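Secondary and tertiary structure notes
Residue-level listing of the chains:
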Amino acid sequence: MNADSLNIRTGSKIAVIGGGPAGSFFALHLLRFADEIGISPEISIYQQRDFDSPGPKGCKGCAGVLSASLLRNMGELGLAIPSEVLQDTIENYALHSPYTSISIHRPEQGVEVASVYRGGGPSVSRYEDPASFDGWLIREAQNRGANVRYQQVKGIYIGHESRIEVEEERLAYDLIVLASGANTKPIPMKGSKYVPPKTQLMAQGELYVGVNDAGSYLGSVAHVFLIPSSKIIFGTLVPKGPSIHVSVLSSGDKPVSIEDFLKQDIVRSMLPGHYEQTCACRPRAVVSPASNYYTDRFVAVGDAAVSRLFKDGIGSSFLTAREAARTTVWYGISHRDFKQHYYPLCRGIERDNQWGKLLFSIHARSKNSRAFLLAQQRLVGDEQNNTTGPQPFTKMIWGMFTGGYTYRSMTRMAFNPGTMTRLSRSFVSAGLKGIFHRGIDAPRTLEVGNKRNIVVLGSGFAGTYTLRNLVRHLNRNENVEITMLSNENFFLFSPLLHEAAMGRIGTWHIAYPIRKLHHKDRFSFVQATVERIDLRGRRIITDSGVFEYDHLVMALGSVPDMSGLPSNQSNVYTLKTLRDSMLIRNHIISVLEQANGQGDLQKRKQLLTFIVSGGGYTGVQLVTELRDFIFRHLLKSYRTLNPQNIRIVLIEAEQQITGGLHPKLANYAMRQLGRMGIDVRLESRVTNVWENRVELNNHEILPTNTLLWVAGVVANPRIAELEIEQDNIGRVVVQEDLEVRGFPGVYAAGDCACVIDPESGQTVPPRAHNAVRQAMVVSHNILAEIRGTNKKTYHYNQSGEVVSLGASQAVFRFHGFRAYGLLARLVWLGGYSLLVMGRYNRVRIVMDWLSSMIFGRDTTYIRLEKD
């Protein structure tokens, strides 16, 4: 063949990279079209994986459902799938939700959907012979003249002479066809601007149940599950001979696992009591087309080019392979040929996928609506009783889950005026029925006269974020009343208390009024002090009355652990409330005022000695902020004071400060404290306290008027006094879903909850970000109880940590990335400024930070009396 020719002739060499359906279909179509014009090109299919091998070696990461249109189209090639390859014929689909189940029969007679194994099946599938669809298809291509080479292609070179690299050998070809799937490792390519398509992770698996059980539980029906208020877009159970294929499509970067999907009550009800999970994987589904997927002597087909969104990927492979092969034989292999004759089909699939994204977006919202699903059930039922009509709703659902119709045609069906009118009428009817009638399928949230009372105790991180999540996701037609009880009418952003105490930010800027929260019309706030929690009587006794509950969230937080403090002297200060921060700030300024007028050097040194007991996150951030406050700001106003007379001591009982912090971060923090002149005493304890001195380790006396006590916390007394299982500091031991064992509907979160991390076996530390994540789980589970859906468990995430070390230093870690110094401090500032609640507070705090850098901190003494 002439090297300058861009046409296929007898003897032309064509390399197909990938032996899945796209590659096999291309070879089969090319051989067919070439035979029609009387030429005989040489086709080599490069395939590394052995599809006939069971288990991971032959895994294709695919659900293996063949659409009716694909089965019809395969007739063009004279292909009839052997019975041993076909696992089951899907006659019906069933759509399940907590509200209803919809049975959908085939909208067109004679149109079948089949399930197959793309590879050799699970490693414990009990098959005597391979039952691989991909293996059968590539053998068909081989039998008709294609050469199959089980070799790995290591590189592709596109140019005047296109080549591939195989086992360090470069082979020249007239045309290179890329037909690798979405789950195949990308092959290095030169001479082309090809960019692979974007993908999204799914979760799939196989459950072995035995031939009889699979048929008796599922029949010839593919079951689709819609889980309201979850990340699951949909999940499916598809019969495959003795096994059940499980497939879960979910939103977000991390897919919902097979295990979590199978825990759903409506899913469990469809499965036998005993089954064996024989395999599980997280394959990728194509969600956008590739770029530059054709040029001179190069073309991509199937997933490597463009595929139908979420459904009928094998059908897309057939269509793109057919059009690329037709273009190759009838027109040529130049960029212009592919653009003129191949690109229009691919562009059509791309445009159809845009309609698909719209439909899936509507689906993601409608699956949460009981009224919508009941209306849909009624309309589909009416259509199936009258099969002579157009059946738009039946076809839409069938097409969404089988790929039997284009997304564009389904969108036309959905937005047809007649269809919209029928849906609106049925939707209104279903909604009214749910409000005024009690039926078997009516969720508890719509039962008139059965109001559910949710009581949230505490306005800290756990309580406030639980409240926010509840009111945000609560439907207005749900008969639920939410009440928050707290002795403070604001949410305190406690991670910044140490900065408020040292004058960097305004005290009230870290407090956000509860009554200013969004959706304030959906909850009640009562400022009250909780006096007793009666779990058995399901009521809360406060100084403002008694409150009964159906669901309770205990989030009263913690109090300073004073058990290690020998006495309670006037020179001991804690840091837990806004008032604490104001008292500390006043005291620091006060002792400098006294020292400034003190003539006795020893008395002056005593006043200028500051001890912080507790070297955890709070203690380290407090002591470094204290050092900056004194040396960078206060001393400017007290010029008679000698900085060398100022002594700052950090006391820590453990062998390392900031326990639990990554060792490299902790070591950096320790060195930074040394550079700042802070005296760190490890493995030390305060053993006695007097008004003007402190004893360490039963023998060393440190003269001081200041002891800042941040040496740990214990549970709120109202929690600690409960007669239920608790840890050594009074926190309630909770289950994985944060519910209190033995008390349904009662949850604990934040500093009130003792949560065990199953991986480390240690208790989850009481930190703000953990409380926020626990609040999300608690709110989800309360709504799940009300709506009759499935609850979820709390998983501790310790992927990131950050500790401030003063005005310009910090340490930061996120997974394997670590940062130190100014960069980490900027991350700390940016992160906390985004987490602060309320735009006003957020802006004021950022302005405070900037103002303190430019003009210094506020050193005004405001007289307050300590209790």
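In what follows, the structure referred to is the one given above.
Residues numbered from 1 in each chain as written. Predicted model: local features only at pLDDT ≥ 70, side-chain atom pairs only at ≥ 80, totals over all residues. Heavy atoms only, no water.

**What about the overall build of the chain?**
Scanning the chain from N- to C-terminus turns up 23 helices and 47 strands. Classification of the 867 residues of the chain by burial places 56% in the buried group. Sequence-distant contacts in the chain: of pairs separated by 6 or more residues, those separated by 24 or more amount to 72%. Taking the 97 positively charged and 79 negatively charged side chains of the chain as two groups, their mean positions are separated by 7 Å. (Helix = DSSP H or I, 4+ residues; strand = E, 2+ residues; numbered from the N terminus. Buried < 20%, exposed > 50% of the residue type's maximum accessible area, 1.4 Å probe, protein only. Contact = heavy atoms within 4.5 Å. Lys, Arg positive; Asp, Glu negative; His and termini not counted. Charge placed at Lys NZ, Arg CZ, Asp CG, Glu CD.)

**Regarding a nonpolar patch on the surface**
Residues Trp355, Leu358, Ile362, Phe415 and Met420 make up a contiguous nonpolar surface patch of about 420 Å² in total accessible area. For Phe415, the location among the structural elements is in the loop between helix H12 (407-414) and helix H13 (417-436). (Patch = residues over 30% accessible without salt bridge, like charges linked within 9 Å, V, L, I, M, F, W, Y side chains within 5 Å. Areas by Shrake-Rupley, 256 points an atom, 1.4 Å probe, with all protein chains shown as cover. Salt bridge = Lys/Arg side-chain N within 4 Å of Asp/Glu carboxyl O.)

**Thoughts on a positive patch on the surface**
A cluster of like positive charges, contributed by Lys231, Lys254, Arg282 and Lys792, occupies part of the molecular surface. Residue placement: Lys231 occurs in the loop between strand E16 (221-225) and strand E17 (232-240). A residue is classified by how much of its surface remains accessible, and Lys231, at 53% relative accessible area, is exposed.

**Regarding the sheet that holds strand E43 (residues 746-748)**
Pairing between sheet strands relies on hydrogen bonds along the backbone, with the strands arranged either parallel or antiparallel. Ordered in space as E27-E24-E23-E31-E43, the five strands form an open sheet in which the pairing is parallel. Each having just a single partner strand, strand E27 (523-527) and E43 make up the two edges of the open sheet. Taking the axes of each pair of neighbouring strands and ignoring which way they run, one obtains an average angle of 15° across the sheet. Along the sheet, helix H14 (residues 461-473) contacts strand E23 (452-457), strand E24 (480-486), E27 and strand E31 (551-554); its crossing angle with E24, the most-contacted strand, is approximately 165°. (Pairing = 2+ DSSP bridges. Axes fitted to C-alpha atoms, helices over the stretch in contact; angles between N-to-C directions.)

**Section: helix H11 (residues 392-402)**
Across the eleven residues of H11, eleven count as buried, placing the element largely inside the fold. What H11 keeps buried is the set Pro392, Phe393, Thr394, Lys395, Met396, Ile397, Trp398, Gly399, Met400, Phe401 and Thr402. One or two positions beyond H11, positive phi appears at Gly403, with a value near 75°.

**Regarding the pairing of strand E5 (residues 92-96)**
Counting buried positions along E5 yields five of five residues, so the element is predominantly enclosed. Burial of E5 is two-sided: the residues Asn92, Ala94 and His96 facing one way and the residues Tyr93 and Leu95 facing the other way are all buried. The pairing of E5 with strand E6 (residues 101-105) spans five bridges and is classified as antiparallel. Within E6, the residue paired with Ala94 across the bridge is Ser103. In textbook terms, the turn of a hairpin is the stretch between consecutive antiparallel strands, and for E5 and E6 this stretch comprises four residues. Pairing geometry for E5 and E16, over five bridges, is parallel.

**Topic: the pattern of salt bridges**
Applying the stated rule across the entire model yields 29 salt bridges. Ionic pairing is found between Glu323 and Arg326, a salt bridge with its closest N-O pair at 3.7 Å. On the criterion of helical spacing, the pair formed by Glu323 and Arg326 is a turn pair, its members being three residues apart in helix H7 (residues 313-330). Of the residues examined, Glu323 reaches a relative accessible area of 18% and is grouped as buried. Among the residues examined, Arg326 registers a relative accessible area of 29% and is labelled partly exposed.

**Here's the deal with empty space enclosed by the protein**
Counted by the stated rule, this structure contains one cavity of 30 Å³ or more. Of the voids in this model, the largest cavity is the one considered here, and its volume is about 50 Å³. Taken together, Arg731, Gly750, Asp751, Ala753, Val764, Pro765, Pro766, Arg767, Asn770, Ala771 and Gln774 make up the lining of the largest cavity. Among the elements that take part in the lining of the largest cavity, helix H21 (residues 768-787) stands out by supplying three residues, more than any other. Its residues assigned to classes, the lining of the largest cavity shows five nonpolar, three polar and three charged. (1 Å grid on protein atoms, 1.4 Å probe; cavity = no way out; pocket = protein on both sides within 12 Å on 5 of 7 lines; lining within 4 Å. Points joined across faces, edges and corners; volume = space filled by probe spheres on them. Nonpolar A, V, L, I, M, F, W, Y, C, P; charged D, E, K, R; others polar.)

**Considerations on the packing of aromatic side chains**
Across all of its chains, the model carries 23 aromatic pairs by this definition. Between Tyr293 and Tyr342, the ring centres sit 6.3 Å apart and the planes meet at 90°, which makes this aromatic pair edge-to-face. Here Tyr293 is found in the loop between strand E20 (284-286) and strand E21 (294-295), whereas its partner Tyr342 is found in the loop between helix H8 (335-341) and helix H9 (343-366), with 49 residues between them in sequence. Pair check on accessibility: Tyr293 and Tyr342 agree, each one buried. Consider the rings of Phe310 and Phe360, whose centres lie 5.1 Å apart with planes at 90°: the pair is edge-to-face. Of this pair, Phe310 sits in the loop between strand E22 (298-300) and H7 while Phe360 is found in helix H9, placing the two residues 50 residues apart along the sequence. The same class applies to Phe310 and to Phe360, which are both buried. Here a set of aromatic residues connected by ring pairs shows up, and it is made of Phe461, Tyr465, Phe491, Phe493, Trp828, Tyr832 and Trp849. Here the basic side chain of Arg308 rests over the ring of Tyr407, its NZ or CZ set 4.1 Å away from the ring centre. Positioned over the ring face of Phe631 is Arg627, at 4.9 Å from the centre of the ring. (Phe/Tyr/Trp six-rings, centres within 6.5 Å; stacked < 30°, edge-to-face > 60°. Lys NZ or Arg CZ within 6 Å of the ring centre and 35° of its normal.)

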